[in-house]
Amino acid sequence: MFKLLNSDKLVTQTEISKESGLSQQTVSRKLKELEEEGIIQRIIIKDGEYIKLTDKGEEELKRCIEDILQLIMRTKILHIKGKVTAGLGEGRIFLSIPYYIESFKKYLGFEPYAGTLNIVIYDRISLENRLILDLAKGIIIPEHKEPNRVLGSVKAFPSSINSISPAAIVIPARTTHPKSVVEIISPYYLREKLSLKDGDEVEIEVYL
């Protein structure tokens with residue numbers, strides 16, 4: 001299939017069979033289906049019949065590769081340890097704004113509890129892993145303009161905390177927190193769900 005991705009490369013059915021490990025009959029049947037869907041085209045020249053991706057086929061293959069890469073990235077896990085700390089109440093305000101509520105439902109698949117759980121990092125490895133998040137792609141909640149204000153973008157990372165999920169680390173573009181403090185959202189009231197109080201240690205798994 002990677003040979004097919006090269007738009008200048010023509011391949012034969014035999015080559016596809018060899019590369020894929022499928023029988024000639026199976027390849028022939030699949031190619032017929034792909035041709036009917038407009039994914040490939042057959043080109044007849046004096047040397048025989050060759051197969052090439054159409055423009056639609058190239059786009060479909062690129063999309064599949066991107067999906068696979070995203071799946072691979074999702075299997076990468078960072079561990080962050082920290083202790084529960086009191087917040088300033090900003091998370092409650094942040095999560096009362098309809099745009100953010102709807103965006104988290106859309107991009108993360110859950111409606112968050114109206115408040116964040118703040119975790120302060122105290123060890124070097126966890127802080128290094130937190131800094132990696134600044135470079136990682138994450139899930140971006142776009143900036144949103146309203147008549148009287150601009151709501152800043154937010155980067156989110158699906159996570160679990162003490163094995164409880166769904167949850168996510170959220171990193172607002174505009175924040176008063178230092179890098180050593182992370183904010184967690186979840187559909188649960190995590191202090192109650194995990195019986196947490198200030199100073200309790202937690203471990204977060206972050207899925208890149």
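Predicted model only: the values in this text are computed from it and were never measured.

## Observations regarding the UniProt feature "binding site: FMN" (unreviewed entry) in the protein
Mapped onto this numbering, the UniProt entry annotates "binding site: FMN" (unreviewed entry) at Thr175 and Glu183. Along the chain, threonine 175 turns up in the loop between β9 (164-172) and β10 (181-185). Relative to the helices and strands, glutamate 183 is located in strand β10. Aside from chain neighbours lying at most four places away, what touches glutamate 183 is Gly91, Thr116, Leu117, Asn118, Ala168, Ile169, Val170, Pro172, Thr175 and His177. Reaching out from glutamate 183, the side chain makes a polar contact with the side chain of threonine 116 at a distance of 3.2 Å.

## With respect to the confidence of the model for the protein
For the protein, mean pLDDT is 87; residues scoring 70 or higher make up 91% of the total. Across residues 1-7 the pLDDT falls below 50, and counting only partners more than four positions away or on other chains, this stretch makes 18 contacts in the model.

## Side note on the pattern of salt bridges
Counting across every chain of the model gives 12 salt bridges. The salt bridge involving arginine 63 is made with glutamate 60; its shortest N-O contact spans 2.9 Å. Pair noted here: arginine 63 and glutamate 60 are both in helix α4 (residues 55-74), with a separation of three residues, about one helical turn. On the accessibility criterion, glutamate 60 (31% relative accessible area) is partly exposed. The network of salt bridges with common partners includes Glu35, Arg42 and Glu49.

## A word on unusual backbone geometry
Cis geometry marks the peptide bond from serine 165 to proline 166, where omega comes out at 5°. Within the fold, proline 166 resides in strand β9. Residue asparagine 162 is not a glycine yet carries a positive backbone phi of 50°. Following the sequence through the fold, asparagine 162 ends up in the loop between β8 (154-161) and β9. Residues other than glycine seldom take positive phi values, yet serine 195 does so here, at roughly 55°. Along the chain, the position of serine 195 falls in the loop between α8 (190-193) and β11 (201-207). For serine 195, a relative accessible area of 61% puts it in the exposed group.

Reading guide: rules and limits
Residues numbered from 1 in each chain as written. Predicted model: local features only at pLDDT ≥ 70, side-chain atom pairs only at ≥ 80, totals over all residues. Heavy atoms only, no water. UniProt positions renumbered as here; feature names shortened; annotations may be inferred. Helix = DSSP H or I, 4+ residues; strand = E, 2+ residues; numbered from the N terminus. Contact = heavy atoms within 4.5 Å. Polar contact = N/O pair within 3.5 Å; in protein donor to acceptor, adjacent residues only side chain to side chain. pLDDT = per-residue confidence, 0-100. Salt bridge = Lys/Arg side-chain N within 4 Å of Asp/Glu carboxyl O. Buried < 20%, exposed > 50% of the residue type's maximum accessible area, 1.4 Å probe, protein only.

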